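# Geometric and topological summary
Spelled out from the first residue to the last, the chains are:
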Amino acid sequence: MRTLVIETATGACSVALIEHGAVIAHAHEEVGRGHAERLIPMIAALPDKGRAGEILVDCGPGSFTGVRVGLAAARALGLAWGAVVHGYSSLALIAAAADWNDVDSLAVAIDGGHGQLFVQRFAKEPMKPLSDLASLVPEEAARFVPDDRIVGNAAATLVAARGSGHAASVGLEAARVVVLPVELRALAAVPIYGRAPDAKPMA
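The shown structure was predicted, so the numbers you read here are calculated from the model rather than taken from an experiment. (Residues numbered from 1 in each chain as written. Predicted model: local features only at pLDDT ≥ 70, side-chain atom pairs only at ≥ 80, totals over all residues. Heavy atoms only, no water.)

This next bit is on the side chain of Thr8. In this structure, Thr8 sits in the loop between strand E1 (2-7) and strand E2 (12-19). Residue Thr8 is classed as buried on the basis of its relative accessible area of 0%. Within the structure, Thr8 has its side chain in polar contact with the backbone oxygen of Gly66 (distance 2.6 Å). Within the structure, Thr8 has its side chain in polar contact with the backbone nitrogen of Gly70 (distance 3.3 Å). If near-sequence neighbours (up to four positions away) are discounted, Thr8 is found in contact with Cys13, His35, Leu39, Gly66, Val67 and Gly70. (Helix = DSSP H or I, 4+ residues; strand = E, 2+ residues; numbered from the N terminus. Buried < 20%, exposed > 50% of the residue type's maximum accessible area, 1.4 Å probe, protein only. Polar contact = N/O pair within 3.5 Å; in protein donor to acceptor, adjacent residues only side chain to side chain. Contact = heavy atoms within 4.5 Å.)

The next point concerns the pattern of salt bridges. Going through the model one piece at a time under the given rule, you end up with five salt bridges. Of the charged contacts, one joins Glu19 and Arg2 as a salt bridge, the two residues approaching to 3.5 Å between their closest N and O atoms. On the criterion of sequence distance, the pair formed by Glu19 in strand E2 and Arg2 in strand E1 is long-range, its members being 17 residues apart. The class for Glu19 is partly exposed, based on a relative accessible area of 26%. A salt bridge links Asp148 to Arg162; the nearest nitrogen and oxygen atoms lie 3.8 Å apart. Of the two residues, Asp148 sits in the loop between helix H4 (138-144) and strand E10 (149-151) while Arg162 sits in helix H5 (residues 155-162), which places them 14 residues apart along the sequence. Residues joined in a network through salt bridges with shared partners are Arg2, Glu19 and Asp48. (Salt bridge = Lys/Arg side-chain N within 4 Å of Asp/Glu carboxyl O.)

Another aspect to go through is the pairing of strand E3 (residues 22-30). Relative to E3, E2 runs antiparallel, the two being bridged by eight bridges. Residue pairing for E3: Ile18 is matched across the bridge by Val23. Between E2 and E3, which pair antiparallel one after the other, the connecting turn spans two residues, and His20 there sits at a positive phi close to 55 degrees. (Pairing = 2+ DSSP bridges.)

So, about helix H2 (residues 64-81). Taking 1.5 Å as the rise per residue, H2 with 18 residues should run 26 Å; its terminal C-alpha atoms sit 26 Å apart, in good agreement. Residues Phe64, Gly66, Val67, Val69, Gly70, Leu71, Ala73, Ala74, Leu77, Gly78 and Trp81 constitute the buried set of H2. Looking at the buried side of H2, the elements it contacts are E1, helix H1 (35-44), strand E4 (54-58) and strand E5 (84-88). At the C-terminal side of H2, Gly82 shows a positive phi close to 70 degrees. (Expected span 1.5 Å × (residues − 1).)

What follows concerns the packing of aromatic side chains. Considering all chains together, one arrives at one aromatic pair under this definition. Ring geometry for Phe64 against Tyr193: centres 4.9 Å apart, planes inclined by 45 degrees, an arrangement best described as tilted. With Phe64 in helix H2 and Tyr193 in the segment after strand E11 (166-168), this pair connects stretches of sequence that are 129 residues apart. (Phe/Tyr/Trp six-rings, centres within 6.5 Å; stacked < 30°, edge-to-face > 60°.)

This next bit is on the pairing of E2. Of all the eight residues making up E2, seven are buried; the element is thus mostly covered by neighbouring parts of the structure. Note that E1 and E2 share six bridges and pair antiparallel. The residue bridging Thr3 from the neighbouring strand is Ile18, located in E2. From the end of E1 to the start of E2, which pair antiparallel, there are four residues.

In the contact formed by H1 and H2, the axes pass within 10 Å of each other and the chain directions differ by 35 degrees. In the packing of H1 onto H2, the handedness of the crossing is right-handed. Contact with H1, carried on its side by His35, Ala36, Leu39, Ile40 and Ile43, involves Gly66, Val69, Gly70, Ala73 and Leu77 of H2 and no other residues of that element. Its residues assigned to classes, the contact of H1 with H2 shows seven nonpolar, three polar and no charged. (Axes fitted to C-alpha atoms, helices over the stretch in contact; angles between N-to-C directions. Left-handed = near helix turned anticlockwise from the far one by under 90°. Nonpolar A, V, L, I, M, F, W, Y, C, P; charged D, E, K, R; others polar.)

Encoded structure:
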């Protein structure tokens with residue numbers, strides 16, 4: 001069975017088509033905030049217009065708008081194709097794609113907006129979360145994370161707040177889903193926002 005992967009949780013718009021555990025086609029663009037305009041054309045450019053029996057989509061955390069765009073597309077295509085739709089966490093994918101050499105645990109830190117970081121710790125074998133997802137200012141995150149290896153687009157910020165550690169920037173790409181353990185890519189296709197939305201309803 002083919003799997004279409006949709007990745008829109010950060011500034012990248014990324015898609016991949018996987019068959020028998022191997023990537024057979026993929027596309028990746030840094031679009032900033034243009035996910036809604038680029039995602040469907042990128043999927044349509046894949047073999048068979050991206051049609052697959054399973055769809056995997058990044059549920060977040062990350063950009064609120066990007067997460068919603070990816071989930072809306074995944075659900076719509078799943079309905080149209082009769083495909084199964086599952087989700088995965090952006091932090092789990094970053095952890096899975098990181099360099100695990102000489103460490104048994106690491107932390108993922110990405111920009112959460114409003115001066116906060118989305119942070120989560122992971123174990124190596126078997127790869128699994130060691131903590132819940134947290135949205136913290138750098139000083140709080142420094143107390144939350146004991147790991148010396150920190151990956152993600154906010155890794156350098158967290159290392160600076162801790163005053164020690166090794167930072168590595170690991171980006172989100174749909175094609176990297178092949179390294180994510182199966183149990184971590186079977187989430188419900190619902191958003192993982194990480195914190196409350198910025199907009200508040202009027203009284």
